[in-house]
Amino acid sequence: VKPETVSLCPLNMAAAPEQTPLCIFGTGDLGFSLGRRLLQSGYRVVYGSRRPHSCGPLPPGTQVMSHGAAAQSANLVFICIHRENYGFLETLLPELRGKVLVDVSNNLKKNQYPEANAEYLQRLVPGAHVVKGFNTLSAWALQNGPSDANRQVYLCGNSAEAKQTVAETATKLGFTVLDRGSLSAARELEDFPLQLFPEWRMPLRLAVGLTAFFFFYLLIRDVIYAYVEQQKDISFRIMVSLANKVFPIVSLIMLSLCYLPGVIAALLQLYRGTKYKRFPDWLDRWMLCRKQLGLVALAFASLHVLYTLLIPIRYYVRYKVAASTISQIKENRTSEFDTAIAWRTDSYYSVGILGFGLYLLLGITSLPSVSNALSWREFSFIQSKLGYVTLLFCTLHTYLYGWNKFLRPSTYKWYTPPGYMLSLIVPTVVLVVKLLLLLPCVDRTLTRIRQGWERTDPE
Ligand code: HEM
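Right, let's walk through the structure included here.

How each quantity is defined
- Residues numbered from 1 in each chain as written.
- Predicted model: local features only at pLDDT ≥ 70, side-chain atom pairs only at ≥ 80, totals over all residues.
- Axes fitted to C-alpha atoms, helices over the stretch in contact; angles between N-to-C directions.
- Helix = DSSP H or I, 4+ residues; strand = E, 2+ residues; numbered from the N terminus.
- Left-handed = near helix turned anticlockwise from the far one by under 90°.
- Contact = placed C-beta atoms within 7 Å.
- Nonpolar A, V, L, I, M, F, W, Y, C, P; charged D, E, K, R; others polar.
- Near = placed C-beta within 6 Å.
- Buried ≥ 20, exposed ≤ 12 C-beta atoms within 10 Å, placed from the backbone.
- Pairing = 2+ DSSP bridges.
- Core = buried A, V, L, I, M, F, W, Y, C linked by C-beta atoms within 7 Å.

Running from amino to carboxyl end, helix α8 (residues 201–230) crosses helix α11 (residues 290–310) at an angle of 35 degrees, the nearest separation of the two axes being 8 Å. Note that α8 runs across α11; the crossing there is right-handed. Listed contacts from α11 to P203, L204 and A207 of α8 are Q292, L293 and V296. Grouping the amino acids of the contact of α8 with α11 by side-chain chemistry returns five nonpolar, one polar and no charged.

See the structure below:
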């Protein structure tokens, strides 16, 4: 083997006894799990350790040697040690020459060091071929094998041949490999594990913002208004009544915000008459977090349903029912049965239940394990067509709940509309625009634009 070249171990020899072993520097959690996984996949594994005779437990079937001896016996070395300890690698330059070094390290925070760990490693050992990879996997994922959330291995490095070697090993371990380019992408890969639910950030911020806004809006309109205008303390309503207004209101707005970008995109395409032009960045980003928006909205709708179950057992409600019954007995009168009220309440309950049922269906089908089992057509049928029907039912539920209160001046305390009326604005706009888009002449044009794009796009 020429010192500069990368010598590959043929995959079909992986299980052969004379095969070249893979080397792991570092006997911590990650090194241990990686070694076990490699062993299970048929590789021979050699550990490099500062203290080969007292380095703690290692997977049975592996060997442990000094760093120098271990590096010499292998062509591929996984560096499972902290960046702060990389310094000693400079003493192994001859042994590491021409070898593929896989940097699996991560940092505790972004921009902790001026250069990426993998670039630093390459600078320390210029004769080796450094590949950044496996750093997005946890020791747990390595030990248990790939799962849905942990299937992808990102790689980057300057030597295509070295990357190929690492990619083959990752594939053999059952992971899917994604090549992110040269070693200059290492910093980006090292930042991946530090991101905390990046695609959930916007939906969660929106949920918190809307909840805070509607909480204070309704606090002023319901509780403070009663205190100021009628000298009544109804602050106890904060716990259930107010919560059971804020949650469904936020849920309905967020559900409609899942469908708003779709209709904006359609309007843009109609306006531009083409599908070739890129959507603005904000619209792209908005479209990409629709699933998270929908799931947060579903969580809020579920809270509304749970709070609604509570209504009959509330002390306040039972007290009001008893008081009304007693006063009717005292006054020797019976209140008339109002069919209109029966229709109204039954209708909005029923439509709410149907809406919630479809809402659950949307949530379940957006989970990766379920959506992976659906074809693209089935997925888009549920998420798009049934999605609009869900929005329609939930909106109708709220209109029916409002019934004739929309026209009653006493509803508008301090000239402000109730929260649910505000929550109807976006869903109504989305549904009306969607209805216009479904008009045959508009729909035909839109389909033509979309088909035109599909016909000519090389992908
Ligand atoms: C209000 C029941 C699902 C949105 C109400 C109310 C009830 C109710 C009883 C009146 C609450 C009160 O008097 O304070 C149900 C039932 C559902 C359901 C039984 C399904 C099992 C939904 C869903 C949405 C929704 C899926 C959509 C996100 C609303 C809204 C209000 C409301 C916006 C008005 C809140 C306010 O008083 O300001 N619902 N609902 N509901 N519901 Fe539902």
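Right, let's get into the site of the ligand. Inspection of the region around the ligand gives 26 residues, with P248, S251, G352, C394 and Y420 positioned closest. When residues of the shell around the ligand are assigned to their parent elements, the largest contribution, seven residues, is made by helix α9 (residues 243–272). Residue composition of the shell around the ligand, grouped by class: 14 nonpolar, eleven polar and one charged.

Going residue by residue along strand β1 (residues 22–25), you find L22 and I24 tucked away on one face and C23 and F25 tucked away on the opposite face as well. Relative to strand β4 (residues 76–79), β1 is paired through three bridges, and the arrangement is parallel. Looking at the pairing, F25 lines up with I79 of β4.

To continue, consider the nonpolar core. Among the nonpolar cores identified, the biggest contains 49 residues, and C23, V77, F78, I79, C80, L101 and V102 are the most heavily contacted of them. Discounting chain neighbours no more than four positions away, the residues touching I79 are F25, G26, L101, V102, D103, V104, S105 and L121. In this structure, W286, A297, L362 and C394 belong to the second largest nonpolar core, which totals 32 residues.

Here we take up the sheet that holds β4. On the basis of which strands lie adjacent, the open sheet formed by eight strands has the order β3-β2-β1-β4-β5-β6-β7-β8 and mixed pairing. Edge positions in the sheet fall to β3 (63–66) and β8 (176–179), since each of these pairs with one other strand and no more. Direction aside, neighbouring strands of the sheet carry axes that sit 30 degrees apart on average. In this structure, β1 lies alongside strand β2 (residues 45–49), joined through four bridges in parallel fashion. Pairing of L22 across the sheet is with V45, part of β2. Across the sheet, helix α1 (residues 29–40) touches β1, β2 and β4, and the angle it forms with β2 is around 160 degrees. Strands in contact with helix α6 (residues 160–172) are β4, β5 (100–103), β6 (129–133), β7 (152–157) and β8; relative to β7, the strand with the most contacts, it is inclined by about 170 degrees.

Interpretation in functional terms is not warranted from these geometric data alone.
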